[in-house]
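Architecture at a glance
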Amino acid sequence: MASTGMHSPIEQFKIKPIFELSAGGYDISFTNSSLFMLLAMVVGGAFLASAMSKREMVPGRLQCAAEMMYEFVADLVKSNVGSEGRAYFPFIFTLFVFLLFGNLLGMVPYSYTFTSQIIVTFAMAAFVFVGVTIVGLVKHGLHFFTLFVPAGAPKPLIPFLIVIEVISYFVRPVSLSVRLFANMLAGHTMLKVFAGLAVMISGAGGIAMTGSLLPFAAIIGLTGLEFLVAALQAYVFTILTCMYLNDALHLH
Amino acid sequence: MSTIETEAGKIEAGKTAAAVFTASLVVGIGGIAHAAGDAEPGLPQLKVETWPSQLFWLAVIFAIGYVFMSRVVTPRIGTVLEERRSRLDDDLARAREASTEAATTRAEYEASLEEARAQAAEFARNASAEALANAEASAARAAKRMATKVGKAEDKLAEDRAEAESNLASVASEAAIAAAAQVAGVKATKAQADKAVKASAATLAGQEAG
């Protein structure tokens, strides 16, 4: 394949420094990943702030979209966490906007999808995990550990259930981060694989070129699917954060 | 864990498994690509040397983004929504008030209408009662007049009758005198005849009564 100049499907995930930077012996260069984190936040923030700039009583299209996003997350927090979730709403809203715009910007050709980086998704999941645990401990003290004892379980089973609950609790940051990472990785890789296939077949020339229509059709379908996955995974990450927060605040 | 989460978890677990499978496939493809001398080995995501930079910029950008969202964006949207809600509530309250007022006015109108109707009925009743009383009074007067007339007539009748009866008695005694003279050749006086007539009338009356 090297002769056709075709890139590997995972070439797209490569981190490329834009300008070099280092501190304390660590390489903290501003990279393509950093650029798209910044873009996701700037585009999301600018969209929301500018859409709301007129603060109209009867909203226009843009303001309506911004308000819908706000109310979507607000409802998510209210229905999953309750009124105590208000304090955490700005964080959850920021998380949702960041992930949604990050995933969607990743769908633009030649862009970079920072949510396909396990370290990024894991850092966010770990932050949520640690934060939620601290919130629970501060609110309930040692009583927080009753979270690991399922209510109404038969007594002899309790030790086993506690083990299972503790494991499932500590697996949360892993599952939360791997879910988003793996979805992005798999989706974008699949797009690249089919695109590479289309290019390869069309390279055959002649009547065989028409065969490339098949992978091309697959790319069209997959692109639609990936837009869905982009929005869905931002939603899933957000709703699971809400649920973990709810567990910590209300202990089941 | 809530049931929703468990459900979502099941679906997600399936997807994640598929994704992980694809990811491992990708690693395999990467390996092949590497064998073809096209790329560096392994997933770029697993290059630990890129992690500090990503963590650093994630922390910086998310922190700044969080401050911006919590200070500017969410209060702005929140206020607009709150204002709209209170405005709507105000308008609704005012509409409710107006509606109540209309209902009160209507009730008042209906009450006054009812009152007027009752008054009219009362008037009608009074008038008819009065008319009835008048009619009864004049009927009574007429009856009284008639009764007086009838009484007078009856008195007259009784008088006439008494006169006729007394005339009859004198005729009877004369007839008795005449009969006594002719039949028995007795010459009876008028007093005797009267006495006899009275006695036989009394006997007759007694027989009749008996």
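Bear in mind that the values here come from a model prediction, so they are computed numbers and not experimental data.

**Thoughts on the overall build of chain B**
For chain B, the helix and strand inventory stands at three helices and zero strands. Overall, chain B shows an N-to-C arrangement of helices and strands of α-α-α. Every one of the 210 residues in chain B was classed for burial, and the buried ones make up 16%. For chain B, the exposed area adds up to about 15,000 Å²; of that, 64% sits on carbon and sulfur atoms.

**Digging into the overall build of chain A**
Each helix and strand in chain A was counted, giving six helices and four strands. The helix and strand sequence of chain A, counted from the amino end, reads β-β-β-β-α-α-α-α-α-α. Among the 252 residues that make up chain A, the fraction classed as buried is 47%. Contacts spanning at least 24 positions in sequence make up 69% of the contacts within chain A whose residues lie at least 6 apart. Carbon and sulfur atoms make up 74% of the accessible area of chain A, which amounts to about 12,000 Å² in all.

**Brief notes about the side chain of Thr50 of chain B**
Position of Thr50 of chain B among the secondary structure elements: in the loop between helix H1 (3–35) and helix H2 (51–183). Engagement of the side chain of Thr50 of chain B in a polar contact is seen with the backbone oxygen of Lys47 of chain B, the distance being 2.8 Å. Those residues within four positions of Thr50 of chain B in sequence are excluded, and the remaining contacts are Ile15 of chain A together with Pro44 of chain B.

**Concerning the interface of chain A and chain B**
Counting residues at the interface gives 72 residues for chain A and 51 residues for chain B. Approximately 5,200 Å² of surface area, both sides summed, lies buried where chain A meets chain B, with 73% of it carried by carbon and sulfur atoms. Looking only at chain A, the three residues that lose the most surface to chain B are Ile10, Met57 and Ile119 of chain A, adding up to 13% of its buried area. If you look at where chain A meets chain B, you find one salt bridge. In this structure, the salt-bridge partner of Glu67 of chain A is Arg84 of chain B, at a minimum N-O distance of 2.8 Å. Taken together, the connections running from chain A to chain B amount to 11 residue pairs in polar contact (both at pLDDT 80 or more). Broken down by secondary-structure element, the contributors of at least two residues to the side of chain A that touches chain B are strand S3 (26–27), strand S4 (30–31), helix H1 (32–51), helix H2 (61–80), helix H3 (89–105), helix H4 (118–140), helix H5 (158–202) and helix H6 (213–250) of chain A. With 12 residues, H5 of chain A is the largest single contributor of residues to the side of chain A that touches chain B. Classifying every residue of the side of chain A that touches chain B by side-chain character gives 44 nonpolar, 18 polar and 10 charged.

**So, unusual backbone geometry**
Residue and element names in this part refer to chain A. Here the phi dihedral of Arg55 falls at roughly 45°; this positive angle occurs in a residue that is not glycine. By the element assignment, Arg55 lies in the loop between H1 and H2. Owing to a relative accessible area of 45%, Arg55 belongs among the partly exposed residues under this scheme. The phi angle at Tyr110 is positive, at roughly 70°, despite the residue not being glycine.

**Remarks on the packing of aromatic side chains**
Residue and element names in this part refer to chain A. All chains considered together, the criterion is met by 22 aromatic pairs over all chains. When the ring of Tyr70 is compared with that of Phe93, the centres are 6.0 Å apart and the planes differ by 65°; the resulting orientation is edge-to-face. Separated by 23 residues along the polypeptide, Tyr70 in helix H2 and Phe93 in helix H3 bring together distant segments of the chain. Looking at Tyr70, the relative accessible area reads 14%, which means it is buried. In this structure Phe93 comes out as buried when scored by relative accessible area, which is 0%.

**Some remarks on a negative patch on the surface**
The grouping of Glu154, Asp155, Glu159 and Glu163 of chain B at the surface amounts to a negative patch. Here Glu154 of chain B lies in helix H2.

**Quick notes on the environment of Leu222 of chain A**
Residues and elements named next belong to chain A. Note on placement: Leu222 falls in helix H6. Note on Leu222: relative accessible area 14%, which makes it buried. Excluding residues within four positions of it along the chain, Leu222 makes contact with Met190, Leu191 and Phe194.

**Brief notes about the nonpolar core**
Across soluble globular proteins, nonpolar side chains show a tendency to be buried alongside one another. Grouped together as the largest cluster of nonpolar side chains are 75 residues, with contacts concentrated most on Leu48, Phe93, Leu95, Phe98, Phe114, Met124 and Phe237 of chain A. At the level of secondary structure, the elements contributing two or more residues to this core comprise H1, H2, H3, H4, H5 and H6 of chain A together with H2 of chain B. Those residues in contact with Phe114 of chain A, other than ones at most four positions away along the chain, are Ser33, Phe36, Met37, Ala40, Phe98, Gly102 and Val120 of chain A.

**Remarks on the pattern of salt bridges**
Residue and element names in this part refer to chain B. Per the counting criterion, the structure on display carries 12 salt bridges over all chains. Salt-bridge contacts for Arg94 lead to Asp91; the nearest nitrogen and oxygen are separated by 3.1 Å. With Arg94 and Asp91 both in helix H2 and three residues apart, this pair spans about one turn of that helix. With a relative accessible area of 33%, Asp91 lands in the partly exposed category. Within this structure, Arg87, Asp91 and Arg94 form a network of salt bridges that share partners.

**Observations regarding the confidence of the model for chain B**
Detailed reading of predicted coordinates is not advised where the pLDDT is low. Residues and elements named next belong to chain B. Per-residue confidence for chain B gives a mean pLDDT of 83, with 80% of residues at or over 70. No element of chain B has a lower mean pLDDT than H1, which averages 54, and none a higher one than H2, which averages 92. In this model, residues 31–39 is a region of pLDDT below 50 whose contacts with residues beyond four sequence positions or in other chains number 12 contacts.

**Concerning the packing of H4 of chain A against H6 of chain A**
Residue and element names in this part refer to chain A. It is at 8 Å that the axes of H4 and H6 come closest, and there the two elements cross at 20°. In terms of orientation, H4 lies roughly parallel with respect to H6. As for the relative orientation of H4 and H6, their crossing is right-handed in sense. Of H6, the residues touching H4 (which contributes Thr121, Met124, Ala125, Val128, Val132, Val135, Gly136, Lys139 and His140) are Phe237, Thr241, Tyr244, Leu245, Ala248, Leu249 and His250. The residue inventory of the contact of H4 with H6, partitioned by class, reads 10 nonpolar, five polar and one charged.

About the criteria used
- Per chain, residue numbering runs from 1 following the sequence as it is written.
- Working convention: letters from A go to chains and numbers from 1 go to ligands, in the order in which they are written.
- The model is predicted, so local features are restricted to residues of pLDDT at least 70 and side-chain atom pairs to those at 80 or more, both for listing and for counting; the totals for chains, interfaces and linings are taken over all residues.
- Side-chain numbers here rest on the full set of heavy atoms in the structure, without hydrogens or water.
- Comment: elements are numbered from the N terminus, with helices defined as DSSP H or I runs of at least four residues and strands as E runs of at least two.
- Only protein chains enter the area calculation, which uses a 1.4 Å probe; residues under 20% of their type maximum are buried, those over 50% are exposed, and those in between are partly exposed.
- Using a 1.4 Å probe, the Shrake-Rupley method yields the accessible areas, and only the shown protein chains count as cover for residues.
- Contacts: residue pairs with any heavy atoms within 4.5 Å of one another.
- Definition of a polar contact: a pair of N or O atoms within 3.5 Å, with one able to donate and the other able to accept a hydrogen when the atoms are protein atoms, and with sequence-neighbouring residues admitted only if both atoms are side-chain atoms.
- What gets called buried area is simply the loss in accessible area from a 1.4 Å probe that two parts show on being joined, summed for both.
- Salt bridges are defined by distance alone: a side-chain nitrogen of Lys or Arg within 4 Å of a carboxyl oxygen of Asp or Glu.
- Residues were grouped as follows: Ala, Val, Leu, Ile, Met, Phe, Trp, Tyr, Cys and Pro as nonpolar; Asp, Glu, Lys and Arg as charged; and all remaining residues, including Gly, as polar.
- Any pair of Phe, Tyr and Trp rings, taking the six-membered ring for Trp, is counted once the centres come within 6.5 Å. Such a pair is stacked with planes under 30 degrees apart, edge-to-face with planes over 60 apart, and tilted for the rest.
- Excluding any residue in a salt bridge, patches collect residues exceeding 30% relative accessible area, merging like charges within 9 Å and nonpolar Val, Leu, Ile, Met, Phe, Trp and Tyr side chains within 5 Å.
- Here the positive residues are Lys and Arg and the negative ones are Asp and Glu; neither His nor the chain ends is included.
- In plain terms, the charge of a residue is placed at NZ if it is Lys, CZ if Arg, CG if Asp and CD if Glu.
- Definition of nonpolar core: a set of buried residues of the types Ala, Val, Leu, Ile, Met, Phe, Trp, Tyr and Cys, connected through side-chain atoms within 4.5 Å.
- Predictor confidence is given residue by residue as pLDDT, running from a minimum of 0 to a maximum of 100.
- Axes here mean lines fitted to C-alpha atoms, for a helix over just the part in contact, with angles spanning 0 to 180 degrees between N-to-C directions.
- When an angle is under 35 degrees it counts as roughly parallel; over 145 it counts as roughly antiparallel; between 65 and 115 it counts as roughly perpendicular; any other value is oblique.
- Left-handed describes a crossing in which the near helix is turned anticlockwise from the far one by less than a right angle; the clockwise case is right-handed.

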